Each structure stands twice: as structure tokens, then as C-alpha cells.
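# Overview (structure and organization)
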Amino acid sequence: VYKWFYFIYKLSYALGIIGYIIMMLTFLGFNFLFNQPPNVWMDCGFLLVFYGLYLGVLGRDVSEIVSDKMASHVGYYSPQGMPTRHLEDNVCAVCGNKLLVSEKEEGIIENTYKLSCNHVFHEFCIRGWCIVGKKQTCPYCKEKVDLKRMFCNPWEKPHLLYGKLLDWVRWLVAWQPLIFFIVQGINWMLGLE
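Residues numbered from 1 in each chain as written. Predicted model: local features only at pLDDT ≥ 70, side-chain atom pairs only at ≥ 80, totals over all residues. Heavy atoms only, no water.

The name an unreviewed UniProt entry assigns to the protein chain is RING-type domain-containing protein, from the organism Megaselia scalaris. Listed under Subcellular location (unreviewed entry) in UniProt, the entry text for the protein chain is "Membrane". (UniProt positions renumbered as here; feature names shortened; annotations may be inferred.)

Set out below in C-alpha cells:
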């Protein structure tokens, strides 16, 4: 599940970047090399940015719902509080599968990651839980996850920033009617209609 939503997340990220590059190339006049009017390239770039953000927000919201359902059906996580099953030492609490390697050794298929609460997960599962599923707590004991320690590689920082951008866009769209109402009220009170 996380691999599928991670793919959608990467796709939306790529669409946004490609759209942004097309818009910047239009500002620099590269559209004239292909004998195209600037409005065509700007429209194309704007649509790619819009659909990238739209797919990112939609995929992120759906993945949050799916990750809650999936993890609560495995039994090591419950949105209300106490898990229904006891976590064994060699089991990932996100997916419920056995850990094939310890956190100190390199895995062939997948590595493991140990949180500060000493619970060990598949690296891809805990990254999906934190980035895609928007959870910043341990799936088993609910202790806060230190994302700065988890994503210490500078190449992974854009994923966190893009996730925050998607959350900001989602809240902006959700609160947009209230923002318009407040702005119109201020304009009406100041007589700036």
C-alpha cells in the first residue's frame, strides 16, 4: 500500500517540478525556439503544477485514511489508543510482516529502521507511515518520531517540504470560503468595495 501511494506522491512531485520548469523556460523565451506562443506553454506548465498539487493533496488524504485502516486491521495500531495485539521483537507494526534483517545489517530487499522508542520497522514502512500517512508517532507506542534524525540525508528533505506544501494547499482550499468572507467583510467595513 505504501509503495503505491509513494508512487503517486512521487508522480505528483514530478508533475509539479516539470510544470514549474516549463513555466520558467517560458519566462526565458524558450517557447520561441519551438515556434510556440507563450500562452500555450504557460497554460501547459500551470496545468501540470495544478494537477501535481491536486494529485498530491488527494493522494495524501486518501493514503492517511488507508494507512489508518490498514494498520488498525493488522492489530498493532488503534486510532483510539491501545493496540489489540502484542508486538513481537521481529515483527513490523505497520505491515505485520516479519523483519528479515536486524537494524544494524544491510538488507538485500529492504532495510530496517529503529525509532528512539526502540521499536524496529521496515524502513519503507516507517517512511510511508511518516511521510505518506502523515503520522509522526510510533505506530505501536505512539511516541513522537524525530523526523530530523530519520531523514538526515539532505536529498530526502524535499519530501518533507513538499508534504508540508501539500498540507498548506489542502488547508488553503478548505478554508478558502472563510478567507474570502473575512476579506469581503474587511473591504465592506473600510468602504473599499
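Moving on from the model shown.
In terms of nonpolar packing, the biggest core is built from 18 residues, with C92, V94, L115, F121, I126 and C138 touching the most fellow members. For this core, the element with the highest residue contribution is helix α3 (residues 123-132), accounting for 4 residues. What F121 contacts, discounting residues up to four positions off in sequence, is C92, A93, V94, L99, N111, T112, Y113, L115, I126, C138 and P139. (Core = buried A, V, L, I, M, F, W, Y, C linked by side-chain atoms within 4.5 Å. Buried < 20%, exposed > 50% of the residue type's maximum accessible area, 1.4 Å probe, protein only. Helix = DSSP H or I, 4+ residues; strand = E, 2+ residues; numbered from the N terminus. Contact = heavy atoms within 4.5 Å.)

Glancing now at the side chain of H119. Within the secondary structure layout, H119 lies in the loop between β1 (112-114) and β2 (120-122). A relative accessible area of 18% means that H119 is categorised as buried.

According to UniProt, the "transmembrane region" (unreviewed entry) feature falls on residues 12-34, 40-59 and 168-190. Along residues 12-34 the backbone is 70% helical and 0% strand, and the end-to-end C-alpha distance reaches 26 Å.

Under the defined criterion, the tally for this structure stands at 3 aromatic pairs. When the centroid spacing of 6.2 Å and the interplanar angle of 10° are considered together, the rings of F50 and Y54 count as stacked. Of this pair, F50 and Y54 both sit in helix α2 (residues 38-74), separated by 4 residues, roughly a single helical turn. Look at F50 and you get partly exposed, because its relative accessible area is 43%. Relative accessible area serves as the criterion here: at 44%, Y54 is assigned to the partly exposed category. Chaining the aromatic ring pairs together yields one cluster made of F50, Y51 and Y54. (Phe/Tyr/Trp six-rings, centres within 6.5 Å; stacked < 30°, edge-to-face > 60°.)

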